[in-house]
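# Survey of secondary and tertiary structure
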Amino acid sequence: MNKGSGSARPAWLGWRQRSKVGQEADGVRDGSHPRVTTWTSWVVDPAERFYYVWLQLMVLPVVYNWVVIILRTCFPSIALGYLAVWLTLDAASDLMYAADMMVALRSGYLEQGVLVRDVARLKRRYLGSKRFLRDLASLLPTDLFYLVFGVQAATVRINRLLRTPRLNEALDRTETRTSYPNTFRIAKLMVYIFVLIHWNACLYFALSDHIGFGSDGWVYPNASLPAFASTRRQYLYCFWFSAQIFTTVGDTPLPRQEEAFLFMIADLLIAVLVFASIVGNVGNVITSLRDRDHVFFPNHELVKAYLRSHHISKELRQRIDNWYQHLHINKKIMRENEILQQLPLHLRTEIAVSVHLPTLSKVTIFQSCEKSLLEELVLKLTPQVFSPGEYVCRKGDVGHEMYIIKEGKLAVVADDGVAHFAVLGQGNFFGEISILNIKGNKSGNRRTANIRSVGYSDLFSLSKEDLTDVLSEYPAAKRHLEEKGRQILTKMGMLDDGGGATEAGDGAQQVETKIGALESVLEALQTKLARLMAEAESSNRKMEARVALLEWELEARTGRQHGGERRGDREEPAKEREEAQGQEAEEGDGAESSRDHVMDGE
């Protein structure tokens, strides 16, 4: 199948292609030909959809065993009446358990962030884990005990409940992937409560059978009576009785037997835990919803309290209430940056690009800009909502941001607010010139028109500070944007012609100033170089004199062995010493004179 085709591909084909790519990345290649995925090299990636779908399928056999085992054990009529169905479903459940062990055997895991696909390592890891022992125990053929206890004794399959961790994993995966996690939590809690009431109903029926049906008012009524003989009536009555206990209604008969008292005590304790669990989970859901609203929308209650304490006029309070109402009804999100703050920067950038880049690309001055610049700018866009009749900007105001219309209509009105010159709609923008600070702009970066919102308008704003911060890393883009801004101002007749000449003159003057500064620095460096050369020459002469003196002293010490030659040796070195000292003094005077000359030159 062609990869570029738009037709849907089977899931298994995509899995095989991904598996093949993963094998090539791990170095699994046979010569120059890619290795085709076979059963011996098949590995499941826990992050892929196949693993998620398999977990959802494993929910069925686990829940089946949790519900049916106790039902068949406590209601013999149900176990014997549908025996063929139960045996078939038992076999299907066991087959899925066996298949699940094969999937677990080939499930990869991350090691240093890389998925391990070595089949041998995966086998060793799974076979040496406690999970394998639990899975193996859950699949032991305990059905053979039917031969001893009878086919109605479904309790022999109680080991199948050891696969419950697979159910918990499936529910956790679903909760993280669903778009409605709070609703899913409530539904999961209700399922747990249903299973608990179901087990309690079955145990109540079995206890009633042990005590004797109809022996007192607490146990199940006499099953021989036609009204209570049907299996459906038996189960529904027991389920209703258990629901009364767990909901702490209290309208239950008083037990008479000790076994009944113990059963009621245990049920009441469990009922307290169930009630607390329900209240806690529902409270958490409500708190989560409230926190979500506070993150998505501004806190209206705090604003109301502030307005009341400062005695704000009723008209202004009504406008604010209408603004909040518009946000909630239309689900307008005002805190995008706070909501996405927990995500890594690259993910926030991808989200912002997918949401806002088409809108930003419509702005004339940003067209043909490099994509990396636009990706940084989209992170700076701030959503704003304006109410009907509210001014976005007024003529003469200093422009600190530009606006892009996402939704709604804006009117360009006269100073009196009555005459309309134009109407701006979705995709239009204004104020882009004011944030570029172009020299020669006759308006001086001030607004040239009054713009008012006709209805509720959704706008994106980009501040001058954010644009300047981003353009500081893109000097070429900055020059390009300024040039396009000058072209727009020229077409509008808003660019001062002298501005360009003045700017050119200022540029030439700056260049001359820089040249003069460089010349001064060069002269200072030359002076320092002359000084250093004079000092080096003086030091060299001093070193030669000292070496000559050391040579004389060495010769004097070695000449003491010859007494007759010692006098002559002393007179001649004395003269040489005097000459050396005189020469050293002259060199010192010359160095000082050269240093004074250099200082005078400076």
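A few words on the overall build of the chain. The helix and strand inventory of the chain stands at 20 helices and 12 strands. Across the 602 residues in the chain, those meeting the buried criterion constitute 35%. Taking as baseline every contact in the chain between residues at least 6 positions apart, the subset at least 24 positions apart corresponds to 70%. Total accessible area on the chain stands at roughly 37,000 Å², and carbon and sulfur atoms take up 58% of it.

Attention now moves to a nonpolar patch on the surface. Taken together, the side chains of Phe145, Leu147, Val148 and Phe149 present a nonpolar region at the surface, about 490 Å² in accessible area. Mapping Val148 onto the fold places it in helix H7 (residues 146-149).

Moving on, we come to the pattern of salt bridges. In the structure shown here, the tally under the stated rule is 17 salt bridges. Residue Asp135 pairs with Arg163 through a salt bridge whose shortest N-O separation is 3.4 Å. A residue pair is termed long-range when its members are at least 10 positions apart, and Asp135 in helix H6 (residues 130-138) and Arg163 in the loop between H7 and helix H8 (164-177) qualify at 28 residues. Here Asp135 and Arg163 have matching classes, each one buried. Here the salt bridges share partners, and the residues they tie into one network are Arg72, Asp90, Asp94, Asp143, Arg157 and Arg160.

What follows covers the packing of helix H16 (residues 371-378) against helix H17 (residues 464-471). Put simply, H16 and H17 touch, their axes get as near as 10 Å, and they point 145 degrees apart. Seen from above, H16 lies across H17 with right-handed handedness. Every residue of H17 that contacts H16 at Leu373, Glu376 and Leu377 is listed here: Leu467, Val470 and Leu471. For the contact of H16 with H17, the class distribution of residues is five nonpolar, no polar and one charged.

All right, on to the nonpolar core then. Membership of the largest hydrophobic core comes to 38 residues, with the highest contact counts inside it found for Phe75, Tyr204, Trp218, Tyr220 and Cys238. Looking at this core, the elements that each hand over two or more residues are helix H2 (49-74), helix H9 (181-211), helix H10 (231-246) and helix H11 (258-296). The element that contributes the greatest number of residues to this core is H9, accounting for 11 residues. Beyond its immediate chain neighbours, meaning those up to four positions away, Cys238 contacts Phe75, Ala201, Tyr204, Phe205 and Tyr220. If you look at the next biggest cluster of nonpolar residues, it comprises 28 residues, including Cys369, Met402, Ile433 and Leu489.

As a further point, take helix H5 (residues 119-127). Restricting attention to buried positions, one finds in H5 the residues Val119, Leu122 and Tyr126. Down the axis of H5, the buried side of the element spans an arc of 60 degrees, and every buried residue falls inside it. In this structure, the buried residues of H5 make contact with helix H4 (83-105), strand S3 (109-111), strand S4 (114-116) and H6.

Now for the environment of Ala352. Mapped onto the elements, Ala352 comes out in helix H15 (residues 345-361). Residues Ala352 and Leu377 lie 25 residues apart in sequence; the distance between their C-alpha atoms is 9.5 Å. Excluding residues within four positions of it along the chain, Ala352 makes contact with Leu357, Val378 and Leu379.

Hydrogen bonds along the backbone pair up the strands of a sheet, which may run parallel or antiparallel. Read from one edge of the open sheet, four strands run S5-S12-S7-S10, paired in antiparallel fashion. Edge strands, defined here as strands with exactly one partner in the open sheet, are strand S5 (382-386) and strand S10 (429-430). Pairing of strand S7 (residues 401-407) with strand S12 (residues 457-463) involves six bridges; the strand directions are antiparallel. Bridge assignment links Glu401 to a residue of S12, and that residue is Ser463.

Reading across the sheet, the four strands line up as S6-S11-S8-S9 and stay open at both edges, with antiparallel pairing between neighbours. In the strand order of this sheet, the two ends are held by strand S6 (391-393) and strand S9 (420-424), each with one partner. The sheet shows a mean angle of 30 degrees between the axes of neighbouring strands, direction not considered. Across two bridges, the pairing between S6 and strand S11 (residues 450-453) is antiparallel. When the bridges of S11 are listed, Cys393 appears paired with Ile451.

Here the focus is the side chain of Arg160. Following the sequence through the fold, Arg160 ends up in the loop between H7 and H8. Within the structure, the side chain of Arg160 is placed 3.1 Å from the backbone oxygen of Leu140, a separation counted as a polar contact. For Arg160, the contacting residues outside a window of four places in its chain are Asn65, Ile69, Asp94, Tyr97, Ser138, Leu140, Thr142 and Asp143.

To continue, consider unusual backbone geometry. A positive phi is found at His311, a non-glycine position, where the angle reads about 55 degrees. Along the chain, the position of His311 falls in the loop between helix H12 (300-309) and helix H13 (314-329). Overall, the relative accessible area of 70% leaves His311 in the exposed class.

Following the criterion strictly, the structure yields 23 aromatic pairs and no others. Between Trp218 and Phe241, the aromatic rings sit 5.8 Å apart at their centres with planes inclined by 85 degrees, giving edge-to-face as the arrangement. Taken together, the residues Trp218 in the loop between H9 and H10 and Phe241 in helix H10 connect sequence positions 23 residues apart. On the accessibility criterion, Trp218 (0% relative accessible area) is buried. Seen in terms of ring centroids, Tyr237 and Trp240 are 5.7 Å apart; in terms of plane orientation they differ by 50 degrees. Their pairing is tilted. Separated by three residues within a single helix, Tyr237 and Trp240 lie in helix H10, roughly one turn from each other. One aromatic cluster is present, built from ring pairs that chain together Phe75, Phe194, Phe205, Phe213, Tyr220, Phe228, Tyr235, Tyr237, Phe239 and Trp240. Positioned above the aromatic ring of Tyr97 is the side chain of Arg163, whose terminal nitrogen or guanidinium carbon lies 4.4 Å from the ring centre. Across the ring face of Tyr52, the terminal group of Arg177 is positioned such that the distance to the ring centre comes to 4.0 Å.

Rules and cut-offs
Residues numbered from 1 in each chain as written. Predicted model: local features only at pLDDT ≥ 70, side-chain atom pairs only at ≥ 80, totals over all residues. Heavy atoms only, no water. Helix = DSSP H or I, 4+ residues; strand = E, 2+ residues; numbered from the N terminus. Buried < 20%, exposed > 50% of the residue type's maximum accessible area, 1.4 Å probe, protein only. Contact = heavy atoms within 4.5 Å. Areas by Shrake-Rupley, 256 points an atom, 1.4 Å probe, with all protein chains shown as cover. Patch = residues over 30% accessible without salt bridge, like charges linked within 9 Å, V, L, I, M, F, W, Y side chains within 5 Å. Salt bridge = Lys/Arg side-chain N within 4 Å of Asp/Glu carboxyl O. Axes fitted to C-alpha atoms, helices over the stretch in contact; angles between N-to-C directions. Left-handed = near helix turned anticlockwise from the far one by under 90°. Nonpolar A, V, L, I, M, F, W, Y, C, P; charged D, E, K, R; others polar. Core = buried A, V, L, I, M, F, W, Y, C linked by side-chain atoms within 4.5 Å. Arc of directions from axis to C-beta. Pairing = 2+ DSSP bridges. Polar contact = N/O pair within 3.5 Å; in protein donor to acceptor, adjacent residues only side chain to side chain. Phe/Tyr/Trp six-rings, centres within 6.5 Å; stacked < 30°, edge-to-face > 60°. Lys NZ or Arg CZ within 6 Å of the ring centre and 35° of its normal.

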